[in-house]
There are 4 protein chains.
Amino acid sequence: MKGMVYLMVKAGIIGSTGYAGQELVRILLQHPEVEIVWYGSRSYIDKKYSEVFGNMFQIADNACMGEDIKELAECADVIFTATPQGFCSAHLCESFLGQAKVIDLSADFRIKDVKKYEEWYGIKHQSPKLIEEAVYGLCEVNREDIKGARLIANPGCFPTCTVLSIYPLAKEGLIDMDTIIVDAKSGVSGAGRGAKTANLYCEVNESIKPYGVCTHRHTPEIEDQLSYASGKDVVINFTPHLVPMNRGILATSYAKLKKELSYQEVKEVYDKYYKDEYFVRVLGENVFPETRWVEGSNFTDINFKIDKRTGRIIIMGAIDNVVKGAAGQAVQNMNIMFGFEENTGLKTVPLFP
Amino acid sequence: MKGMVYLMVKAGIIGSTGYAGQELVRILLQHPEVEIVWYGSRSYIDKKYSEVFGNMFQIADNACMGEDIKELAECADVIFTATPQGFCSAHLCESFLGQAKVIDLSADFRIKDVKKYEEWYGIKHQSPKLIEEAVYGLCEVNREDIKGARLIANPGCFPTCTVLSIYPLAKEGLIDMDTIIVDAKSGVSGAGRGAKTANLYCEVNESIKPYGVCTHRHTPEIEDQLSYASGKDVVINFTPHLVPMNRGILATSYAKLKKELSYQEVKEVYDKYYKDEYFVRVLGENVFPETRWVEGSNFTDINFKIDKRTGRIIIMGAIDNVVKGAAGQAVQNMNIMFGFEENTGLKTVPLFP
Amino acid sequence: MKGMVYLMVKAGIIGSTGYAGQELVRILLQHPEVEIVWYGSRSYIDKKYSEVFGNMFQIADNACMGEDIKELAECADVIFTATPQGFCSAHLCESFLGQAKVIDLSADFRIKDVKKYEEWYGIKHQSPKLIEEAVYGLCEVNREDIKGARLIANPGCFPTCTVLSIYPLAKEGLIDMDTIIVDAKSGVSGAGRGAKTANLYCEVNESIKPYGVCTHRHTPEIEDQLSYASGKDVVINFTPHLVPMNRGILATSYAKLKKELSYQEVKEVYDKYYKDEYFVRVLGENVFPETRWVEGSNFTDINFKIDKRTGRIIIMGAIDNVVKGAAGQAVQNMNIMFGFEENTGLKTVPLFP
Amino acid sequence: MKGMVYLMVKAGIIGSTGYAGQELVRILLQHPEVEIVWYGSRSYIDKKYSEVFGNMFQIADNACMGEDIKELAECADVIFTATPQGFCSAHLCESFLGQAKVIDLSADFRIKDVKKYEEWYGIKHQSPKLIEEAVYGLCEVNREDIKGARLIANPGCFPTCTVLSIYPLAKEGLIDMDTIIVDAKSGVSGAGRGAKTANLYCEVNESIKPYGVCTHRHTPEIEDQLSYASGKDVVINFTPHLVPMNRGILATSYAKLKKELSYQEVKEVYDKYYKDEYFVRVLGENVFPETRWVEGSNFTDINFKIDKRTGRIIIMGAIDNVVKGAAGQAVQNMNIMFGFEENTGLKTVPLFP
């Protein structure tokens, strides 16, 4: 693709009328190398996209199309599937991967152990043979593998935030992997755009609640990635909470340090991994991540605090769940796969207030 | 006081123009046995109380008075001090306690070890002799001592929520006290009514952040109470977070179970302590506390979940920080001290939505 | 009923699992003269009421029942119908009114001209004969008629706020009734608890929008009441807006003064009508209504400002839409009908913050 | 400047640490033709800009500088003053205008009649001689004059939204200018970043209130512009309201049509003025503006509804107050002045949710 800049990458989106799908549209519309050729939707076929999302008026007035991956594979260079669990694995064929690259924002190809996937998701996996080929698209960790991939399993929002913030400590063996507790907080867009009573304004506003306690499906995804990083089987506690705000994830993680370490020593470890990463910002000492500082951007803000009293390290990470936790990272993956600068179309300064 | 129902208890409030002070006014105005005789304020002396808080128009149009505890002690049966740390210990004299009962909503008398208080709060304690006499007013735990007390140290909001939710497990020795991690979330009223940039609407809205990581002053208060309960010195990690909502605290706590326990076994332990407690509601299995369900009320909603995979128990508690976490518990203490039914004036059904 | 205080009034609620229905439950549970005997619901039959609304845990654990008015009429003294338009008129029979008093929170009996009702609501009225008997339950205006009524048409939320704030001016003939413009703002609970995409948290939060412009169904209701007050046919512009908050209505109304009037002259007119009304608070000069100051209460806060430059008067009113705009006023009506003090069970001080 | 694309425009910002100033920084950092050379601030001199606004970490780590316009004029091509009323007129000299173009976001040069300015603002104007030269920077209306201007009075947020939405009707003489009523709603960022109790989270959240009723300073600005458009002296009622959201203004305006007009006839008038305007979007029939659909963008969404019953037209406009209502329009003005494409750096698709 490089060297052929006169040719725009043709992108199709299945599930473009959910929150992640809309964010993909928003980002791709502002991406200098991409043209959207397919606004897929189950519920709004033939309706103008801008009638579903008023922000798109006079910007994306295209009609919504269906969700036929086969047809889409013939006209697109890259397909994004922002669909419910089970859709992509049910409709994707190996042959399509010869026609277009696929970036799946669902969980279908994130877990290598198909049994584990089926247990946690309660779904029979329809294309287990493709799991092996899929690359887990956590860009800062798997960049080299992503370059040549045909199928990307775009990471979940909680795993992105959690794994990126813990990764250097796990990789360097600085923490006791049996002591990890992740207490995460998410904005409401993470719950999707489905019309459910539980997500009505008056049900969510002015309240915070835990959910999926000990059973949330992102648990095995986080455990897998931390296991790869540390080289041992990791089991964690993961508790997400719903926060009355549109966007944002904050993950507060706790672990025992294997030995006493100074701030400076740990800071150097983080710098080793992230100093040159555009999208990871390790904050200054005693400055803690806040979701407002990454809103609308692809950044992951990270910091940590060592508690000498307990021998634990507290690690905090913040992302915009819709961007780095979904659409933004999907585009980052696309950039890597197509040889663009990794931050092309993703340099947005976070919106505040 | 009992048997003299024709005489209302005369209550004075120092610091009545903060959020906790206003809630005290709101509750006491609706209390059948109490008459407010003193609306103390540093900033609004001589101003009508209802000009400071418009909800009080035609309900409490009294003029605000100063903060002279001595003068107040002469005309009140009970004094509530909803003041910054250091005020009560600086202005309270032993002799006042002979005139009026004092319920201090600040932290001044919560920590028995004066050095610990001075370290965490960075303040020289002005009346260390009174610390011993003060009773820690966590009603469900210290009810008997409260009955005869002259000086109540009304518990902090986070400690109330955290200690009540963990207490039965600590008391019964079911958890490893060295493994306790408390991840708490608070509404913004907890930050007080001072005009600070950090608490402006646009700074708090649409964001979540941790604060006071490893250094929050409620840490030693929680540790003290869990130490008393368990009979050993407890050190914990405590991380509060600021949530964009007016009221509410949710505390999510994690600990290792000493041995494998079933849901039913743990439920029975909670029932043992709380079955007859009006203000503590242990929810049904797999129903988790949400702050909206206690808003405006003095309830503490509690539940737990056992994770067999990790051997940990996750304990969740929710309170309204301004009520059970401050003014409501203060009135509950007053009710106990004056021999009223403990829930007098506090039976409000939580406001939803 | 008076003189028989040992007998509680038995109340049944059809539609108790909507927001207005839940507020009725909340208020009636705290009403000293009432016992709830029927928690009616279409969607949650046999489910515990406290499983639908967690705030009711250990307070109202009763099972939800169906919506059979006939059966209910046999066991209740008063029936509240908090149901969609058309339900009450379809199911109510004249004979039930001999058994129990009915307070209908829907619009079915608010408009005396059945054709007008059918035009604006697009529904065929099923019991037009009962319209004549129904009393429009705007308590401060129709108190005498309410006393003897068997069927109350409980006013809409916008009409309550708008009519109460304009009423003295209309009644005294001080404004040109052809110039009235009402620009109203409502919290989201007014949209009900139905699972609609438009009312999801992320769709409503961080935005304001007008809706039902020139077509909102409360328009003829406001016009009728202002016509009765002024003795002439009134046609107005009414534009509601959706505001990202749970509760509250603010109505800002504009009209030409017929002649120049001073603040004091207009203030005296308002005092004439509202000086002795417990639930109407005419604020001090240049203090304008804010919905937060009435939250959770049955108050209507009102004020006005005369603009000499344009010869117009701006009238502002604020209520809690779920209380004075629905459940609270319904209970106020009940109190009047059953001879209780009008503010029994309704003296709650507004909740702030 | 055109033809010299290798030279970036050097921009300095006085007042860069307020909300409008920060938005200027955010936009200019993403503007391909501009380099920021001066981050002016009164309160944060020498502090890193990214310590004031965490979103700017690793993006704008520059130190804040003072507010010396003279010094700044020597190093900048364009100066933005996002300062309190009175600052710019007090510090600006005619000679500076020979060195750098000035775009003043305050009200100092918006009102041509200095007496009117001094009355409404209560400030003595310090440089009345410069008022005549200043061009009112409402781009869609005054584009030609802006091109050659040295000093731009950047319009207020309410006037931008109101005037743009009413302009075609005023210009074409379709409405009775004596009947205009503007009821506006604003997000909280419009109140600035000053630490005031009234703007604390808990004071604003969950409430709506009117303010500045009949006295808001944007009134004469709107009246002036509507007077220029219609050719007659216009006096209006203008009532702003504070809405619990960060960004956004919605203006709902009412006026009598001079004669009966169809939707299509009025639509054609709007199209005549705005069909080719990139930043003005006249929505489809019965689709009304919502602030969420313009958030983070420079768009003005407009629509109208004709009420045959009353002979009035209701005109609605929505903008992001921080962008089109402040920083975005300032950059649009700069683009026009420097000969760039008018939407350079301003093509952001609105952020949703």
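Everything quoted here is computed from the prediction, not taken from an experiment.

Participant: Explanation requested: the overall build of chain A in the structure shown.
Facilitator: Counting secondary structure elements, chain A contains 12 helices and 13 strands. In terms of overall dimensions, chain A is globule-like: its C-alpha atoms have a radius of gyration of 20 Å, near the 20 Å expected for 353 residues. Buried residues in chain A amount to 66% of all 353 residues. In chain A, 69% of the contacts between residues at least 6 apart in sequence involve partners at least 24 apart. For chain A, the accessible area works out to roughly 11,600 Å², and carbon and sulfur atoms hold 49% of it. Distance between charge centres in chain A, computed from 39 positive and 46 negative side chains, equals 2 Å.

Participant: How should the packing of helix 8 (residues 157-171) of chain D against helix 11 (residues 263-274) of chain D be read in this particular structure?
Facilitator: Pairs of packed helices are described in terms of their axes, by the angle between the two and the distance that separates them. All names here are of chain D. Running from N to C, helix 8 and helix 11 cross one another at 110 degrees; their axes reach a closest spacing of 9 Å. The angle between helix 8 and helix 11 places the two elements in the roughly perpendicular class. Mapping the contact onto sequence places Leu-164, Ser-165, Ile-166, Tyr-167, Pro-168, Leu-169 and Lys-171 in helix 8 and Val-266, Val-269, Tyr-270, Tyr-273 and Tyr-274 in helix 11. Along the lines of polarity and charge, the residues of the contact of helix 8 with helix 11 split into 10 nonpolar, one polar and one charged.

Participant: Where do I start with the interface of chain C and chain D in this structure?
Facilitator: For interface size, the figure often reported is the accessible area lost on association. Contact residues are listed per partner, giving 47 residues for chain C and 47 residues for chain D. Surface buried jointly by chain C and chain D totals about 4,100 Å² across both partners, of which 56% is contributed by carbon and sulfur atoms. Three residues, Glu-206, Ile-208 and Arg-309 of chain C, lead the burial of chain C against chain D; their summed loss comes to 16% of the area buried on that side. Applying the counting criterion to the chain C and chain D interface returns six salt bridges. With its nearest N and O atoms 3.0 Å apart, the salt bridge here joins Asp-183 of chain D to Lys-185 of chain C.

Participant: Honestly, the pattern of salt bridges in this entry has me stumped. Any pointers?
Facilitator: Oppositely charged side chains can form a pair if their charged atoms are brought close together. Residue and element names in this part refer to chain A. Tallied over the full model, the rule gives 89 salt bridges over all chains. With a shortest N-O distance of 2.6 Å, Glu-172 and Lys-272 are connected by a salt bridge. With Glu-172 in the loop between helix 8 (157-171) and strand 7 (181-186) and Lys-272 in helix 11 (residues 263-274), this residue pair connects regions lying 100 residues apart in the sequence. A residue is classified by how much of its surface remains accessible, and Glu-172, at 30% relative accessible area, is partly exposed. Among the salt bridges present, the one from Asp-271 reaches Lys-267, with a minimum N-O distance of 3.1 Å. Here Asp-271 and its partner Lys-267 are both found in helix 11, four residues apart, which amounts to about one turn of the helix. What you see here is one network of salt bridges that share partners, running through Glu-23, Arg-26, Arg-247 and Asp-320.

Participant: Would you explain the pairing of strand 1 (residues 9-14) of chain D in this entry?
Facilitator: If a strand is regular, its side chains alternate between the two faces of the sheet. Residues and elements named next belong to chain D. Counted residue by residue, strand 1 has five buried out of six residues, so it is predominantly covered. Pairing analysis gives five bridges linking strand 1 to strand 2 (residues 34-39), with the strands arranged parallel. Counterpart to Val-9 in the pairing with strand 2 is Val-34. Taken together, strand 1, helix 1 (residues 19-29) and strand 2 constitute a β-α-β crossover, and its handedness is right-handed.

Participant: Just to check I follow, could you spell out the relation of the copies chain C and chain D for this structure?
Facilitator: Each copy of the chain is related to the other by a rotation around an axis and a translation along that axis. Superposition record for chain C on chain D: RMSD 0.0 Å, screw rotation 180 degrees, translation along axis 0.0 Å. The relationship between the two copies is best expressed as a two-fold rotation axis. An overlap of 100% is found between the interface residues of chain C and their copies at the interface of chain D, pointing to a shared contact surface.

Participant: Sorry, what's going on with the interface of chain B and chain A here?
Facilitator: In this complex, chain B contributes 47 residues to the contact, which on the side of chain A involves 47 residues. Together chain B and chain A conceal approximately 4,100 Å² of surface at their shared face, both sides included; 56% is due to carbon and sulfur atoms. Among the residues chain B hides against chain A, the three largest losses belong to Glu-206, Ile-208 and Arg-309 of chain B. Together they make up 16% of the total. In this assembly, chain B and chain A are joined by six salt bridges. As a salt-bridge pair, Glu-203 of chain A and Arg-292 of chain B come within 2.7 Å of each other at their nearest N and O atoms. At the boundary of chain B and chain A, one finds 30 residue pairs in polar contact (both at pLDDT 80 or more). Put simply, the parts of the chain that give the side of chain B that touches chain A at least two residues each are strand 7 (181-186), helix 9 (201-204), strand 8 (209-210), helix 10 (218-230), strand 9 (237-242), strand 10 (249-256), strand 12 (300-307) and strand 13 (312-319) of chain B.

Participant: Even after reading the chapter, I still don't get the sheet that holds strand 2 (residues 34-39) of chain A, so can you show me in this structure?
Facilitator: Either a parallel or an antiparallel arrangement is found when strands of a sheet pair, and the pairing is made through backbone hydrogen bonds. Residue and element names in this part refer to chain A. Taken together, the six strands give an open sheet; going across it, the order is 2-1-3-4-6-5, and neighbouring strands pair in parallel fashion. Single-partner strands in this sheet number two, and they are strand 2 and strand 5 (135-136). Sheet analysis places strand 1 (residues 9-14) next to strand 3 (residues 78-81), joined by four bridges and oriented parallel. Within the sheet, the bridge partner assigned to Ile-14 lies in strand 3 and is Thr-81. Packing of helix 1 (residues 19-29) onto the sheet brings it into contact with strand 1, strand 2 and strand 3, and relative to strand 2 it is tilted by some 150 degrees.

Participant: Looking at this structure, how should I read the nonpolar core?
Facilitator: A general trend in soluble globular proteins is that nonpolar side chains are found buried together. Among the nonpolar cores identified, the biggest contains 100 residues, and Leu-28 and Phe-80 of chain B together with Leu-28, Phe-80 and Met-334 of chain D are the most heavily contacted of them. Among all residues touching Phe-80 of chain B, those that are not within four sequence positions of it are Ala-11, Gly-12, Ile-13, Ile-14, Leu-24, Leu-28, Ile-103, Leu-105, Ala-330, Val-331 and Met-334 of chain B.

Participant: What am I meant to see in helix 10 (residues 218-230) of chain A here?
Facilitator: Since one α-helical turn is 3.6 residues long, residues separated by three or four positions face the same way. All names here are of chain A. Helix length check: helix 10 (13 residues) gives 18 Å between terminal C-alpha atoms against 18 Å at 1.5 Å per residue, within 8%. In terms of burial, helix 10 is largely enclosed, as 11 of its 13 residues are buried. Listed as buried for helix 10 are His-218, Thr-219, Pro-220, Glu-221, Ile-222, Glu-223, Asp-224, Gln-225, Leu-226, Ser-227 and Ala-229.

Participant: Looking at this structure, I do not really get the relation of the copies chain B and chain A. What am I missing?
Facilitator: Here chain B sits on chain A after a turn of 180 degrees about the axis and a move of 0.0 Å along it, with an RMSD of 0.0 Å. A share of 100% of interface residues in chain B that are also interface residues in chain A marks the association as one of identical surfaces.

Participant: I keep staring at the environment of Gln-332 of chain B and nothing clicks. Help me out?
Facilitator: Residue and element names in this part refer to chain B. With respect to the helices and strands, the residue Gln-332 is situated in helix 12 (residues 323-338). Accessibility expressed as a relative area gives 0% for Gln-332, which makes it buried. Between the C-alpha atoms of Gln-332 and Glu-342, which are 10 residues apart in sequence, the distance is 5.8 Å. Not counting residues within four places of it along the chain, the set of residues in contact with Gln-332 comprises Cys-139, Glu-140, Phe-279, Asn-298, Lys-324, Glu-342 and Leu-346.

Cut-off values and rules
Residues numbered from 1 in each chain as written. Chains lettered and ligands numbered in written order. Predicted model: local features only at pLDDT ≥ 70, side-chain atom pairs only at ≥ 80, totals over all residues. Heavy atoms only, no water. Helix = DSSP H or I, 4+ residues; strand = E, 2+ residues; numbered from the N terminus. Rg over C-alpha atoms; globule rule 2.2 N^0.38 Å. Buried < 20%, exposed > 50% of the residue type's maximum accessible area, 1.4 Å probe, protein only. Contact = heavy atoms within 4.5 Å. Areas by Shrake-Rupley, 256 points an atom, 1.4 Å probe, with all protein chains shown as cover. Lys, Arg positive; Asp, Glu negative; His and termini not counted. Charge placed at Lys NZ, Arg CZ, Asp CG, Glu CD. Axes fitted to C-alpha atoms, helices over the stretch in contact; angles between N-to-C directions. Parallel < 35°, antiparallel > 145°, perpendicular 65-115°, else oblique. Nonpolar A, V, L, I, M, F, W, Y, C, P; charged D, E, K, R; others polar. Buried area = accessible area lost by both parts, 1.4 Å probe. Salt bridge = Lys/Arg side-chain N within 4 Å of Asp/Glu carboxyl O. Pairing = 2+ DSSP bridges. Right-handed = clockwise from strand over helix to strand, strands pointing away. Least-squares fit on C-alpha atoms with pLDDT ≥ 70 in both. Polar contact = N/O pair within 3.5 Å; in protein donor to acceptor, adjacent residues only side chain to side chain. Core = buried A, V, L, I, M, F, W, Y, C linked by side-chain atoms within 4.5 Å. Expected span 1.5 Å × (residues − 1).

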